[in-house]
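Structure assessment
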Amino acid sequence: MIRYFILASILIMPLFAGLNNLRLHDAIEILKRSNLELKSAEFDEKMKYYEAQAVSGMKFGKLDAAVSAMRSDDAGNVFGFKLQSREANFGDFGAGEFDPSNPDVLTIQPYDLNYPEARNHYLTKITYSIPLYTSGKIYEYGKIAKKLALMSKLDTKKVLQEKIYQVKKAFYDISLIEEYIKNLSLITKNITQLEQTVKQMKKEGFALESDLLEVQAQGAEAESMYIQAKLNRDLAYQYLSFLLNQEVSSIVTQKNNLATTKEITRDDVIASNLDIQKAKMGLDVSKRAVSVQRANFGPTIGGFAEYGSADNEANFDKDKDFYTVGVQLSWNIFNGGSDYSNLQRAKIEYLKTQKQVELAKSGIYLKTKKLQTEALSALEEIKSYQKQYKFASRVYTTYNERYKEGIVPVGDVLIKQSKKLEVLTKLLSVKNKYNTKIFELDMLLNRGEEI
């Protein structure tokens, strides 16, 4: 029984295990397939596609089929049923009651006509109607719907870029935290060694109880920071798992923890930014909206054709079929100036959208330059803190050796240790700031998938 339990446990464990040694490229591929917010955006995109298809289908007209079943003893209805079924005869007019010798023949009320027997009526017909000319309105509506569908695609791409940004940041955050944990572990180890040294020197009379307490307090603080760093790492993994909609247990950390970037020009920004692309499409939509309003001044022509059959039995009798074809022209002559006002409003909206496109180009390019400047500034800070960290490490090592020789007090060693940890924290914080700016640039330029 125990053997079977162990075997079952081994088989079940992979079902609950998370993704291990996950690479950034693979994470982005999983994101595309599994992210819930991205799926929602894709559904919106599909709805816009079908809305465009629905508008496009209007130009092909509409074909309807209808079957009616009726029964009535209303004189008008019964006579109409017979007439539509091509069964009307003179007897229906009361010809059997016509008496030419009666001087009041014209006042006779035919009983068969006024009080007919109830009759069934089955009417089957198909009707096809099609817009022949709408002054371009349906054409423009179709183009607008297609543009809106394309804009929805851009919305999906934007969501994807935002999610890629978040996945990249999570990867680099975890990598930085791993570096921090590694250094904290080393610092904790150094403090433990220093504590052993102080204990030994205390036995020999070269150290005080207060020296030992100072070292132990420093060790407790470092241990607390170590635990907090691990909790932050766990939180980052939980967020990454949320983004991928899958449990992630471990990743392949980034080697130098610093993201890379390329030279950026104004043309790159205008050609790549999704908001600018969407604004350009919005400009085209507003231009076509002007054409739609202008179409209200033109005529609308529609055609229709109808074919069917009527009988007092539920069948389709070709001898009793009928057809109707026709064309209708509709042209609004006057509506109080509403069409003119709507046209002017659409023109102003188009001009406004033109300015918004130019504003978007300038604003997003300015934002790009700002991010570039902030990233370069952070990079210079990183170089400075890297030098400071090397220097702080050497100073700490020197003071640690001097303490062992009895030249400096243990408090000075702990101060240098704290300085080293402070510089390390600032270094990793600036690295995180730099990576964030680079990933924001990638998102603005629609190149988040480039790794």
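Before reading on, note that the structure itself is shown above.
These figures come from a predicted structure and were not determined experimentally. (Residues numbered from 1 in each chain as written. Predicted model: local features only at pLDDT ≥ 70, side-chain atom pairs only at ≥ 80, totals over all residues. Heavy atoms only, no water.)

Observations concerning the nonpolar core
Soluble, globular proteins show a tendency: their nonpolar side chains are buried together. Selection rule: By convention a nonpolar core is built from buried Ala, Val, Leu, Ile, Met, Phe, Trp, Tyr and Cys residues, the set being connected through side-chain atoms within 4.5 Å. Each residue is placed in one exposure class: buried if its accessible area under a 1.4 Å probe, protein chains only, is under 20% of its type's maximum, exposed if it is over 50%, and partly exposed if it falls in between. Helix and strand definitions here come from DSSP, where helices need a minimum of 4 consecutive H or I residues and strands a minimum of 2 consecutive E residues; each element is numbered from the N-terminal end. Whether two residues are in contact is decided by their heavy atoms: any pair within 4.5 Å suffices.
Counting residues in hydrophobic clusters, the biggest one holds 73 residues, and the most contacted among them are Val167, Phe171, Leu240, Leu244 and Tyr403. For this core, the secondary-structure elements that each account for two or more residues are α2 (24-34), α3 (36-56), α6 (137-203), α7 (209-244), α8 (266-272), α10 (338-404) and α11 (410-444). Broken down by element, this core gets its largest block of residues, 19 residues, from α6. What tyrosine 403 contacts, discounting residues up to four positions off in sequence, is Leu194, Thr197, Val198, Met201, Ala207, Val408, Pro409, Val410 and Val413. Judged by nonpolar contacts, the second largest core, of seven residues, contains Ile144, Leu154, Leu274 and Val285.

Some details on the packing of aromatic side chains
Formally: Any two rings among Phe, Tyr and Trp, with Trp reduced to its six-membered ring, count as a pair given centres within 6.5 Å; such a pair is stacked if its planes are under 30 degrees apart, edge-to-face if over 60, and tilted if neither.
On inspection of all chains with the given rule, the structure shows five aromatic pairs. Taking the centre distance of 5.1 Å and the plane angle of 75° together, the rings of tyrosine 49 and tyrosine 50 count as edge-to-face. Judged by relative accessible area, which is 55%, tyrosine 50 ranks as exposed. For the ring pair tyrosine 239 and phenylalanine 242, a centre distance of 6.2 Å and an interplane angle of 25° mean the geometry is stacked. Placement of both tyrosine 239 and phenylalanine 242 in helix α7 is noted, with a separation of three residues, approximately one turn of the helix. A residue is classified by how much of its surface remains accessible, and phenylalanine 242, at 56% relative accessible area, is exposed.

Examining the sheet that holds strand β3 (residues 300-311)
Quick reminder of the rule: Strands were regarded as paired on the criterion that DSSP finds at least two bridges between them. Each axis is a line fitted through C-alpha atoms, taken for helices only over the stretch in contact, and angles between the N-to-C directions span 0 to 180 degrees.
One open sheet accounts for four strands, arranged β1-β2-β3-β4; its pairing is antiparallel. Of all strands in the sheet, those bounded by a partner on one side alone are β1 (62-72) and β4 (321-330). Adjacent strand axes in the sheet meet at a mean angle of 20° when their direction is disregarded. Relative to β3, strand β2 (residues 119-133) runs antiparallel, the two sharing eleven bridges. When the sheet's bridge partners are listed, isoleucine 130 is paired in β3 with glycine 303. Across the sheet, helix α4 (residues 75-84) touches β1, β2, β3 and β4, and the angle it forms with β2 is around 65°.

Section: the side chain of serine 309
Spelled out, the test is: Identification of polar contacts relies on pairs of N or O atoms within 3.5 Å, with a donor-acceptor requirement for protein atoms, meaning one able to donate a hydrogen and the other able to accept it, and with residues adjacent in sequence counted only if both atoms are side-chain atoms.
Looking at the secondary structure, you find serine 309 in strand β3. A distance of 3.0 Å separates a polar atom in the side chain of serine 309 from the backbone oxygen of aspartate 317. Every residue in contact with serine 309, bar those within four places of it in the chain, is listed here: Tyr122, Leu123, Thr124, Phe316, Asp317, Lys320, Asp321 and Phe322.

Here's the deal with the pattern of salt bridges
As a reminder, the rule being used: By definition here, a salt bridge exists when the distance from a side-chain nitrogen of Lys or Arg to a carboxyl oxygen of Asp or Glu is within 4 Å.
Counted by the stated rule, this structure contains 29 salt bridges. Between lysine 168 and aspartate 442 there is a salt bridge whose closest N-O contact spans 3.5 Å. Separated by 274 residues along the polypeptide, lysine 168 in helix α6 and aspartate 442 in helix α11 bring together distant segments of the chain. Across the pair, aspartate 442 and lysine 168 agree in class, each one buried.

Considerations on the environment of alanine 375
Take alanine 375: it is sitting in helix α10. Residues alanine 375 and isoleucine 301, spaced 74 residues apart in sequence, show a C-alpha to C-alpha distance of 62 Å. In this structure alanine 375 touches Tyr434, Lys437 and Ile438, once residues within four positions along its chain are discounted.

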